[in-house]
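Now for the letters of each chain:
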Amino acid sequence: MRRINRLLKDSTFQSYLEKNRAYETERIYCRHDLPHALDAARISYILNLEEHTGLDQEILYAAALVHDIGRWKEYEDGIPHEEAGVQLAEGLLEKAGFTDAEVASVLEAIGCHRNGGGTSTLSGLLYRADKLSRNCVTCTVLGSCKHFQNGELPVLNY
């Protein structure tokens, strides 16, 4: 997890998280912050182990940690956050020591994390982990959430 710890300490990565935080201070729904990213990382790793996909833990964590870093660009410029995230993540991943092939794989997963996960195993795991990471069972605004508009109740999976 050496590269993940390098990424977490990166000042540019930290600034992107801070920009997300600043835009979402008044947001009543789930936020795009480090706890969400870490939850998505851990769930993707659990899915990886349960399904025996054999993906590297650092790759799973890298994808989850950077998948929402472009959210502030969506607020600021209207750029879909998955597109902005692809642009912002590339340099961070390279600086953290990921190979060109690893960076390409993570970028593909980030770009697909909102539309079903694409075709790669990494993309699919990230998509599912992103959805499963939301702690809906403790949500205080569930009644107004777009995911539960028909009176559904959340279930805990992980």
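Worth saying up front: this structure is predicted, and the values here are computed from it rather than measured.

Cut-offs used in this document
Each chain has its residues counted from 1, running along the sequence as written. Residues qualify for local features only when their pLDDT is at least 70, as the model is predicted, and side-chain atom pairs are given and counted only at 80 or more; totals for whole chains, interfaces and linings, by contrast, use all residues. The side-chain quantities take in all heavy atoms of the structure and omit both hydrogens and water. One speaks of a salt bridge when a side-chain nitrogen belonging to Lys or Arg is within 4 Å of a carboxyl oxygen belonging to Asp or Glu. Under the DSSP-based scheme used, a helix requires at least four consecutive residues in state H or I and a strand at least two consecutive residues in state E, with every element numbered from the N terminus. Burial status follows relative accessibility: with a 1.4 Å probe on protein chains alone, a residue under 20% of its type maximum counts as buried, one over 50% as exposed, and anything between as partly exposed. Note on definitions: a residue-residue contact is assigned when non-hydrogen atoms from the two residues lie within 4.5 Å. A pocket here means an open set of points on a 1 Å grid, computed over the protein atoms alone, that has protein on both sides within 12 Å along at least five of seven lines. A cavity is instead a set of points where a 1.4 Å probe fits but cannot get out; residues with an atom within 4 Å of a point line either one. Grid points are joined across faces, edges and corners, and a volume is the space filled by probe spheres set on the points. Under the convention adopted here, Pro, Cys and the residues Ala, Val, Leu, Ile, Met, Phe, Trp and Tyr are nonpolar, Asp, Glu, Lys and Arg are charged, and Gly plus all remaining residues are polar.

*Asks:* Summarise the pattern of salt bridges; cite the residues concerned and give the values.
*Replies:* Per the counting criterion, the structure on display carries 10 salt bridges. Between E18 and R21 there is a salt bridge, and its shortest N-O distance comes to 2.6 Å. Placement of both E18 and R21 in helix α2 (residues 11–23) is noted, with a separation of three residues, approximately one turn of the helix. Among the residues examined, E18 registers a relative accessible area of 39% and is labelled partly exposed. Put simply, E51 and R128 hold a salt bridge, and the shortest N to O gap is 2.3 Å. Taken as a pair, E51 in helix α3 (residues 34–51) and R128 in helix α8 (residues 121–132) lie far apart in primary sequence, 77 residues in all. Using a relative accessible area of 37% as the deciding quantity, one classes E51 as partly exposed. Connected through shared salt-bridge partners, R3, E58 and E102 make up one network.

*Asks:* So, the side chain of D130: which residues are in play, and what are the values?
*Replies:* Within the secondary structure, D130 is located in helix α8. Take D130: its relative accessible area is 7%, and that puts it in the buried class. With residues near it in sequence (within four places) discarded, D130 still touches H36, A40, H67, D68 and H113.

*Asks:* Residues and numbers for the layout of surface pockets, please.
*Replies:* Considered as a void within the structure, the largest pocket measures approximately 880 Å³ in volume. Lining of the largest pocket is provided by 29 residues; of these, C30, D130, K131, R134 and H147 occupy positions nearest its centre. Within the residue set of the lining of the largest pocket, elements represented by two or more residues are α3 and α8. When its residues are assigned to classes, the lining of the largest pocket shows 13 nonpolar, seven polar and nine charged. The space that makes up the second largest pocket amounts to roughly 280 Å³. Forming the walls of the second largest pocket are 18 residues, and the residues nearest its centre are C30, R31, R134, N135 and C136.

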